[in-house]
Amino acid sequence: MIDAKRILVTSALPYANGPLHIGHLAGAYLSADVYVRFQRMMGKDIVWVCGSDENGAAITIKAIKEETSPREIVDKFHELFQEAFQGMNISFDYYHRTSDELHHETSQEFFRKLYENGKFEERTSEQYYDPKANQFLADRYIKGTCPKCDHPSAYGDQCENCGSALSPTDLINPSSTLTGETPVMKETTHWYLPLNEDEEWLREWIVDGKLDGKEHHEPKDWKNHVVGQCKSWLDGGLHPRAMTRDLDWGVDVPQEIKGAEGKKLYVWMDAPIGYISSTKAWAAENGKDWKDYWQSDDTALLHFIGKDNIVFHCIIFPAILKAHGDYVLPTNVPANQFMNLEGDKISTSRNWAIWVNDYLKDMPGKVDELRYFMVKAMPEQKDSEFTWAGFQDAVNNELVNNLANFLNRVVVLTNKYYEGVVPEFDENQMIFGPSGDDETSFYDNEYLRLFDDLSATAQFIRDFDFRGALNKIMEISSKGNQILQFNEPWKMIKEDEENVKAVMNLCVQYCAAISSMLRPFLPTAAERLSQLLNFDQNFESGEFVEMMDKMAMGDSIIEPGHKINEASHLFSRIDDEVIAEQKAKLVKTEAPAVVASTPIKNNIVFDDFTKIDFRTATILEAVKVPKANKLLQLTLDLGFEKRTVVSGIAQQYKPEDVIGKQVTLVANLAPRKIRGVESQGMILMAENSEGQLSFVSPADGWEAGNVVS
RNA sequence: GGCGUGGUAGCUCAGCUGGUUAGAGCGCAGCAUUCAUAAUGCUGAGGUCGGCAGUUCAAGCCUGCCUCACGCUACCA
């Protein structure tokens, strides 16, 4: 992959139902931006695509809630995303959207190809159906009580209270969000990709880096947590996965396929293919062939994502690409972990976030400052933390005091001593290097040291270690400060002018080097620095390589005789008040009290009720069910017999706390084995909106076995 | 419960295939210095490297058990 001819970079498509926050930036965009900008200045043939993910049920639901149309929702967020990305200087080559016709065509073509190649298994299964609305219900259209935290309004795919991933059949008391009806199970047909058949090659590909027996990538280059999570999935066994859904907002399954009416492509047959459509759109506008980037073995494909997306980009999407047959597979998926905010998880629903669009408005002209701190605190290997205090410290101490200060010192001194003209110097002058000891070094040695540091920085970036790279740049800046400090040109100028010339020339080279290396990280500041130095190069197509070649030959980056401009400050301090204001804006709102009390179920007749045999009972024994978190195995005394019942209350009650409790039992419920234990009935529990439980018991002192009606 | 990743100075983090007194930045305490946005440089204090046991001549790095955080996954009749 190192010798790949081209690089294709993708960043996760942001989902168009909410604004972007810093967590998004930290996950998939800023890291990619640094990488791509760097490869551009290395002269690589590199393309970076992204776009808005605009399909799916969550968008329809938001539209219903806000009494508008899905179209308006996606248009609004597509606009906001572009504003945010442009504001943050995120330099996509193309930003597309999945509602675009080109994308619909592309993903349909893709589906068609898999269909025609017989890659799908058609399966009929039972899914929830809303009889009143006359349609199948997407996961998002079903609400009910979360089986994990007992939150009363969990969605069929996820509980927003506890974050668990769910499937609709997990929900207790499911109801349709369209009509409030209790959904019924009904048969529906979908196309499944038999991922279980892909386990073997996926394992070889991920663990050994081999594809079809050939070296594909160096597995050691992948991050630990990425490979770890993939292995965990593979070890757990893959299952066929439906590639279509019963949805009404998305890409249609190609209509010529029998049974396609009403079916839409599932998100993983849709969103990642958005990378392909985005590339097509870019190619069309730039006179390129998109196939060079997707279907040519000498292309390195890189997916920048957050950790929530690992499985889909490392297992499902590769499986889809391989099933198609013509596409390259990713050579690396440098997934980042999560960024927390002031000690808490970022949460859209609790409004615990720094919104990118807000930041841009509140802190104008402070884009590089945010980029700097976000890279510094990037969750590359583990979750990280954004704090406003940390942000302020980093800006004031590192950007202002160290970096900007060094650059300013050099520019000011050069203007003061040489009217801004970079001095000629004698290469044999002995000067102090930044080593900290008393040894003097030749100018050449120090210049080589700078070259080495730049090379090291570049290598950090190639290894996706952006924090390391940024750290290295700050190290270069510190060394610059040390060179000035040890050589004291302000004193030496009175004693040995020739010596000062060598020192100042070296410092100017340091500044020029910093201005170029800083480009990928802080594009605006780097550009301003270049202007200060009157060294204005684009650094967008290989200029960095030229510069490094020059240095390797011992030639100056900026030649003696070159005139630089007057000094001006690159960064300014951020005051306490500004930080206090931003911190004050952070107010945890309670998870929007999803007041939606669980709707009353459909009426039943008296006969239905009398079918249930409720009995009072007393808990005699209680033990935890082994290898289960939530289950207690209870032995109940009904007076005339004893029963074993398994109940999901272990997180609320310790076994010893429930012994002796009187409960109400559904005594004629068909027995069922749970975790190997046969449960003969169920006990009734009341629950409140916080998920607390309470036994539904007869008044004190009642003996067991009585009938309840 | 299973699996994965992480737990290193007050804070944020580095520590390569195990090898001498465990590092950086910030913060803190001294000292030096003035070209610079009261910036910079030097010196110092601070760690039983989550805990316990083991392998080894030698462990932050390997093994086992435990614990905490984050994520994935199973059980809720």
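The structure displayed is predicted, hence computed values, not measured ones.

A.B. asks: Provide a residue-level description of helix α7 (residues 273-286), including the pertinent values.
C.D. replies: End to end, α7 covers 20 Å across 14 residues, agreeing with the expected 20 Å (1.5 Å per residue, within 8%). In terms of burial, α7 is a largely internal element, 11 of the 14 residues being buried. Buried residues of α7: Ile273, Gly274, Tyr275, Ile276, Ser277, Ser278, Thr279, Lys280, Ala281, Trp282 and Ala283, and no others. Within two residues after α7, Gly287 carries a phi angle of roughly 65°, on the positive side.

A.B. asks: I'd love a proper account of the protein's contact with RNA strand B, names of residues and values included.
C.D. replies: By nearness alone, 54 residues border RNA strand B, and Lys345, Leu631, Leu669, Arg672 and Arg675 come closest of all. In this structure, a sugar or linking oxygen belonging to RNA strand B sits 2.8 Å away from a side-chain N or O atom of Asn405. Counting residues per element, the ones that place at least two in the surface near RNA strand B are α6 (224-236), α12 (388-418), α14 (466-487), α15 (489-492), β23 (642-647) and β25 (672-674). Among the elements that take part in the surface near RNA strand B, α12 stands out by supplying 12 residues, more than any other. For the surface near RNA strand B, the class distribution of residues is 17 nonpolar, 21 polar and 16 charged.

A.B. asks: Lay out the pattern of salt bridges in plain terms, naming residues and giving numbers.
C.D. replies: Using the criterion set out here, one finds 27 salt bridges in the structure. Taking the shortest distance from any N to any O, the salt bridge between Arg71 and Asp75 comes out at 3.3 Å. Placement of the pair is Arg71 and Asp75 together in helix α3 (residues 70-87), with a separation of 4 residues, close to one helical turn. The exposure class assigned to Arg71 is partly exposed, which follows from its relative accessible area of 35%. Lys585 is the salt-bridge partner of Asp362, the closest N and O atoms lying 2.5 Å from each other. Remark: Lys585 occurs in helix α19 (residues 576-585) and Asp362 occurs in helix α10 (residues 356-362); sequence separation between them is 223 residues. Owing to a relative accessible area of 33%, Asp362 belongs among the partly exposed residues under this scheme.

A.B. asks: Give me helix α11 (residues 367-376): which residues, what numbers.
C.D. replies: A large share of α11 lies buried, amounting to 9 of its 10 residues. Within the sequence span of α11, burial applies to Val367, Asp368, Glu369, Leu370, Arg371, Tyr372, Phe373, Met374 and Val375.

A.B. asks: Lay out a negative patch on the surface with the relevant residues and their values.
C.D. replies: A grouping of Glu200, Glu204, Asp208, Glu215, Glu218, Asp221 and Asp463 is seen on the molecular surface, where their side chains present a negatively charged patch. Sort the elements by how many residues they give to the negative patch and helix α5 (residues 199-208) lands first, with 3 residues. Relative to the helices and strands, Glu218 resides in the loop between β11 (214-215) and α6.

Thresholds, definitions, all that
Residues numbered from 1 in each chain as written. Chains lettered and ligands numbered in written order. Predicted model: local features only at pLDDT ≥ 70, side-chain atom pairs only at ≥ 80, totals over all residues. Heavy atoms only, no water. Helix = DSSP H or I, 4+ residues; strand = E, 2+ residues; numbered from the N terminus. Expected span 1.5 Å × (residues − 1). Buried < 20%, exposed > 50% of the residue type's maximum accessible area, 1.4 Å probe, protein only. Near = heavy atom within 4 Å. Polar contact = N/O pair within 3.5 Å; in protein donor to acceptor, adjacent residues only side chain to side chain. Nonpolar A, V, L, I, M, F, W, Y, C, P; charged D, E, K, R; others polar. Salt bridge = Lys/Arg side-chain N within 4 Å of Asp/Glu carboxyl O. Patch = residues over 30% accessible without salt bridge, like charges linked within 9 Å, V, L, I, M, F, W, Y side chains within 5 Å. Areas by Shrake-Rupley, 256 points an atom, 1.4 Å probe, with all protein chains shown as cover. Lys, Arg positive; Asp, Glu negative; His and termini not counted. Charge placed at Lys NZ, Arg CZ, Asp CG, Glu CD.

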